[in-house]
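Chain and residue survey
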Amino acid sequence: MSIFTGTHDILNPDARKLRDKLREQRVLCNYFEYDGLFHDWVILTFLRESKDALEKLKNILSGL
């Protein structure tokens, strides 16, 4: 599982809780948190952070 979140995302606290619960259960999880970003930021592909996240996702998927 991979989680991409921004610190200003309304769901960020839930993303952190999910990350922590997955770690407690020893479930493999990629967690990426981007400072200052809001909900659905990754769809704005002109953002530097979106490009970074999409590159990370590409690398994760190519390793399957």
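As a starting point, this report considers the structure included with it. Numbering of residues begins from 1 in every chain and follows the order in which that chain's sequence is written. The predicted origin of the model limits local features to residues at a pLDDT of at least 70 and limits the giving and counting of side-chain atom pairs to 80 or more, whereas totals for whole chains, interfaces and linings rest on all residues. Think of the side-chain values as coming from all heavy atoms in the structure, minus any hydrogens and water.

With that settled, consider the environment of Phe4. Helix and strand labels come from DSSP, where a helix needs a run of H or I of at least four residues and a strand needs a run of E of at least two; each type is numbered from the N terminus. Mapped onto the elements of the fold, Phe4 is located in strand 1 (residues 2-6). Through-space distance from the C-alpha of Phe4 to that of Thr45 is 14 Å; in sequence the pair is 41 residues apart. Discounting residues that sit within four places of it in the chain, Phe4 has contacts with Phe32, Tyr34, Trp41, Ala53, Lys56, Leu57 and Ile60. By the convention used here, residues are in contact when the closest approach between their heavy atoms is within 4.5 Å.

With that settled, the discussion passes to the side chain of Arg19. Summarising the element assignment, Arg19 is placed in helix 1 (residues 12-24). Here a polar contact means two N or O atoms within 3.5 Å. Within protein one must be a hydrogen donor candidate and the other an acceptor candidate, and residues neighboring in sequence count only if both atoms are side-chain atoms. A distance of 3.0 Å separates polar atoms of two side chains, one belonging to Arg19 and the other to Asp20. Ignoring anything within four residues of it in the chain, the contact list for Arg19 reads Ile3 and Tyr31.

Side-chain atoms within 4.5 Å link the members of a nonpolar core, which is a set of buried Ala, Val, Leu, Ile, Met, Phe, Trp, Tyr and Cys residues. The cut-offs for exposure are 20% and 50% of the maximum accessible area for each residue type, with area from a 1.4 Å probe on protein chains only; residues under the lower value are buried, those over the upper are exposed, and the others partly exposed. Phe32, Tyr34, Leu37, Trp41, Leu47 and Ala53 form the largest nonpolar core, which has six residues in total. Not counting the four nearest positions on each side in its chain, Phe32 is found in contact with Ile3, Phe4, Thr5, Lys56 and Ile60. Counting five residues, the second largest nonpolar core, distinct from the first, contains Ile3, Leu22, Cys29 and Tyr31.

Coordinates in, geometry out; function isn't part of it.
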